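Below are the chains, spelled out letter by letter.
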Amino acid sequence: GAGVSQSPRYKVAKRGQDVALRCDPISGHVSLFWYQQALGQGPEFLTYFQNEAQLDKSGLPSDRFFAERPEGSVSTLKIQRTQQEDSAVYLCASSLARRSMNTEAFFGQGTRLTVV
Amino acid sequence: AQTVTQSQPEMSVQEAETVTLSCTYDTSESNYYLFWYKQPPSRQMILVIRQEAYKQQNATENRFSVNFQKAAKSFSLKISDSQLGDTAMYFCAFGTLNGAQKLVFGQGTRLTINP
C-alpha cells in the first residue's frame, strides 16, 4: 500500500481480554516502531524493530505487552489481560533506513483501544 | 534521559496570521534531531519540519520555519499565513542517532485557526 496501515482502527475490549493490533508498514521499510498515545498526551515509545529483530523494547509497560515482526514486514502488538489503563491510541511508524533519524518516519492512523 | 516540553496547551489565531509554537528540550547528547509533527483528527502524525542539531541554519518548509537555539535548547515553530487546514495538534519531538532509534515527544499544542 501507499502508507502505513493499521488494523483495526477501533477496538473495544472487556477487561481481562487479550487483544492483537496489526501494523502493515510501507513495503521495504527496515525500521518499525510502536508508540502508545494516551488521551491528550504525546506518543510514548513502546518498542523498535530493525527488520525482524526487536532491538529495543524498553518502553513496553509490563510483561502483558509483547510485539513481534517475524518476517521483517507485518508487526503485531499483543496485549494480554487488558486493563483500563491500557486504553489509548496505539501508533505504528516505519522508516526506510536502519539509522531512522536520517529518514522520515511515516505513521499509520493508529488503533484506538478502549478497555471497558 | 531526554525530555521535551511544550508549554502552550492551546493556541488560537485568525486565518492569515502568523503563529509561533514553543518547545524546549533537555539532553546531554551532542548529535540529535528535532522534529515538529502535525496530528489532525484523523490521528495520523505528519512530519512538518526537521532540524539536525549540527546545522546552524534554521530549517524552512514553505510557510513553516523553525527558530533553533541550541544553547538555550529551544526549538520553536513559526507558521506564516496560517490556513484553516493548519488546525491540528502539533507535537515537538527529539531523536538521537546514539543507541535507541526512537522519538521522544512533547505533550502537544492544540492549534486552532479561525476564519
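What you see is a predicted model, and the numbers here were worked out from it, not measured in a lab.

### What about the interface of chain A and chain B?
Point 1. Contacts between the two partners involve 29 residues from chain A, matched on the other side by 21 residues from chain B.
Point 2. Summed over both sides, the interface of chain A with chain B buries roughly 2,100 Å², with 51% coming from carbon and sulfur.
Point 3. Where chain A touches chain B, the interface holds zero salt bridges.
Point 4. Counting across the interface, chain A meets chain B through seven residue pairs in polar contact (both at pLDDT 80 or more).
Point 5. When contributions to the side of chain A that touches chain B are tallied by element, the ones reaching two or more residues are β4 (31-37), β5 (44-50), β9 (88-95) and β11 (111-115) of chain A.
Point 6. Counting residues per element, the side of chain A that touches chain B draws most heavily on β4(A), which supplies three residues.

### Side note on the sheet that holds strand β3 (residues 19-24) of chain A
All names here are of chain A.
Point 1. A sheet is described by the order of its strands in space; here four strands give the open sequence β1-β3-β8-β7, paired in antiparallel fashion. Bordering the open sheet on either side are β1 (5-7) and β7 (65-68), each of which pairs with just one other strand. Neighbouring strand axes in the sheet, compared pairwise and without regard to direction, differ in orientation by 15° on average.
Point 2. Pairing of β3 with strand β8 (residues 75-79) involves five bridges; the strand directions are antiparallel. Directly across from A20, in β8, lies its bridge partner K78.

About the criteria used
- Residues numbered from 1 in each chain as written.
- Chains lettered and ligands numbered in written order.
- Predicted model: local features only at pLDDT ≥ 70, side-chain atom pairs only at ≥ 80, totals over all residues.
- Heavy atoms only, no water.
- Contact = heavy atoms within 4.5 Å.
- Buried area = accessible area lost by both parts, 1.4 Å probe.
- Salt bridge = Lys/Arg side-chain N within 4 Å of Asp/Glu carboxyl O.
- Polar contact = N/O pair within 3.5 Å; in protein donor to acceptor, adjacent residues only side chain to side chain.
- Helix = DSSP H or I, 4+ residues; strand = E, 2+ residues; numbered from the N terminus.
- Pairing = 2+ DSSP bridges.
- Axes fitted to C-alpha atoms, helices over the stretch in contact; angles between N-to-C directions.

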